[in-house]
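So the chains spell out like this:
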Amino acid sequence: MHTRLSICLYSGDRMLAQSLTKYLSDERYRLYIIEAAEELLTFVTQQSETIDCLIVIREPAILPLFNQLYEQGTLLPVIIIEREAEFEENLKEKESPTFLYHSAEINHVARELDDIPITIDRAITKFLALGPSCFLNNRLVSPQQEMIAENHQSFLLLQQRRLAEKLKERLGYLGVYYKRNPKYFYRNLSPEDKKELIRQLSASYREIVLNYFNDNSDVNQAIDQFVNQAFFADVSVSRVLEIHMELMDKFSQQLKLEGRSEGILLDYRLTIIDILAHLGEMYRRSIPRGDILFDLLNQMD
């Protein structure tokens, strides 16, 4: 895997683009420069699974561009470069922010371009910390848009997984994957959000179980998505075990109604062992060595 970060820069301002290029030309980055909005949409759509961060200069053309990317379910770490007057105006409205793309976007003032490498790190860190509901903005009002949101979540988890694997290969990025935002932990969610998160996890786990022994399925990818979602929401091992037991109880009742043996359900112990092994490894790697035992005990609460 290439460990250089792939940066896509969109700017119709050539002077500003040249200034940014000066700070993004070292061995850490692979830089792609796009000057037209139509070209950017095509490029990002084609390269959505390889771009590590999108940098755009704030201008009227970016809002419809973000809308198109959002509607097609393409979510990426993003930095919006603003000229000083726009940046100051946005700071005044910070108490009720409006996101142009998603809630992990970073705004950066044009006069501080020498800090852009640090800002890229921040943008990726925030993106990795996005939970199952926090990246959705106030555009979601209809059932159709809620379906779009579910597609977004699936793409988001895949992007987070890909970025995490790349960043773990890079010196200096070993801990960025684990900078989760406690605001989106299960225990800190509202009762409604808790219920929705468990519903999503239960539905995902059911699909994993149904396809676990199917050689033609993408079950490994589904497991990765499930584990990522549970990890970033800091869902406990015992809670995941409850999801498994509740599903097994439902299957057991159905088998009894059909007059069939429940013995087949014993095979799915392998499923929960697989899931918990993956989740346990993620928790293990996210904990400072001296705190491993303490945190594992907490995870069993």
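Per-chain numbering applies: the sequence of each chain, read as written, is numbered from 1 onward. Given that this is a predicted model, residues contribute local features only at a pLDDT of at least 70 and side-chain atom pairs are listed and counted only at 80 or more, while totals for whole chains, interfaces and linings are drawn from all residues. As a convention, hydrogens and water are excluded, and side-chain values are obtained from all of the structure's heavy atoms.

### A closer look at helix H1 (residues 14-23)
Along H1, the residues classified as buried are Leu-16, Ala-17 and Leu-20. Angularly, the buried residues of H1 cover 100° about the axis, an arc narrow enough to put them on a single face. Opposite the buried face of H1, by more than 90 degrees, sit the exposed residues Arg-14, Met-15, Gln-18 and Lys-22. In this structure, the buried side of H1 is in contact with strand S1 (5-10), strand S3 (53-57), strand S4 (78-82) and helix H5 (116-128). The cut-offs for exposure are 20% and 50% of the maximum accessible area for each residue type, with area from a 1.4 Å probe on protein chains only; residues under the lower value are buried, those over the upper are exposed, and the others partly exposed. A run of H or I in DSSP counts as a helix once it spans at least four residues, and a run of E counts as a strand once it spans at least two, with each numbered from the N terminus. Arc, as used here, means the arc of the directions from the helix axis to the C-beta atoms. In what follows, a contact means two residues having at least one pair of non-hydrogen atoms within 4.5 Å.

### Let's talk about the sheet that holds S4
The sheet built from five strands is open, its strands ordered S2-S1-S3-S4-S5 with parallel pairing. At either margin of the open sheet sits one strand with a lone partner, and together these are strand S2 (29-34) and strand S5 (106-109). Across the sheet, the axes of successive neighbouring strands diverge by a mean angle of 20°, strand direction being ignored. Here, any two strands with at least 2 DSSP bridges between them count as paired. Axis definition: a line fitted to C-alpha atoms, over the contacting stretch in the case of helices. Angles run 0 to 180 degrees between N-to-C directions.

### A short note on the packing of aromatic side chains
The rule is short: rings of Phe, Tyr and Trp, with Trp giving its six-membered ring, pair when the centres are within 6.5 Å, and they are stacked under 30 degrees, edge-to-face over 60, tilted in between. For the structure on display, the rule yields six aromatic pairs. With centroids separated by 5.1 Å and ring planes inclined at 90°, the aromatic side chains of Tyr-212 and Phe-213 adopt a geometry described as edge-to-face. Given the relative accessible area of 19%, Tyr-212 is considered buried. We call a charge positioned over a ring when the NZ of a Lys or the CZ of an Arg lies within 6 Å of the ring centre and within 35 degrees of the ring normal. In this structure, Lys-194 packs its charged tip against the face of Tyr-186, placed 5.4 Å from the ring centre.

### Side note on helix H3 (residues 62-71)
Ile-62, Leu-65, Phe-66, Leu-69 and Tyr-70 are the residues of H3 that are buried. The buried side chains of H3 occupy one side of the element, clustering within an arc of 135° when seen end-on. In the segment just after H3, Gly-73 is the residue with positive phi, at about 85°.

### Things to note about the confidence of the model for the protein chain
Averaged over the protein chain, the pLDDT score is 76; the fraction of residues at 70 or greater is 73%. A score between 0 and 100, pLDDT records how confident the predictor is in each residue. Looking over the protein chain, one finds the lowest element-wise mean pLDDT in helix H11 (residues 292-299), namely 42, and the highest in S3, namely 91. Residue range residues 134-141 is modelled with pLDDT below 50. Its contacts to residues more than four positions away, or to other chains, number 24 contacts. This model gives residues 288-297 a pLDDT under 50, and the stretch forms two contacts once residues within four places in sequence are excluded.

### Some details on unusual backbone geometry
Look at Asp-234: it is not a glycine, yet its phi comes out positive at around 55°. Mapped onto the elements of the fold, Asp-234 is located in the loop between helix H8 (219-232) and helix H9 (237-257). A relative accessible area of 10% places Asp-234 in the buried class.

### As for the nonpolar core
We define the nonpolar core as a collection of buried residues of types Ala, Val, Leu, Ile, Met, Phe, Trp, Tyr and Cys that are connected through side-chain atoms lying within 4.5 Å of one another. Counting residues in each nonpolar core, the largest one holds 46 residues, and the members touching the most others are Leu-40, Leu-54, Ile-55, Phe-66, Ile-79, Ile-81 and Ile-120. Those residues in contact with Leu-54, other than ones at most four positions away along the chain, are Cys-8, Leu-40, Val-44, Phe-66, Leu-69, Pro-77, Val-78 and Ile-79. In terms of nonpolar packing, the next biggest core, distinct from the first, is built from 31 residues, Tyr-212, Ile-243, Met-248 and Tyr-268 among them.

### Quick notes on the packing of helix H2 (residues 37-46) against H3
Close contact between H2 and H3 brings their axes to 11 Å; oriented N to C, the two are set at 20°. When the axis of H2 is compared with that of H3, the two are roughly parallel. Remark: the crossing between H2 and H3 carries right-handed chirality. Within the contact between the two elements, H2 uses Ala-37, Leu-40, Leu-41 and Val-44 and H3 uses Leu-65, Gln-68 and Leu-69. Reported orientations rely on four angle classes, namely roughly parallel under 35 degrees, roughly antiparallel over 145, roughly perpendicular from 65 to 115, and oblique for the rest. Each helix crossing is assigned a hand: it is left-handed if the near helix lies turned anticlockwise from the far helix by less than a right angle, otherwise right-handed if that turn is clockwise.

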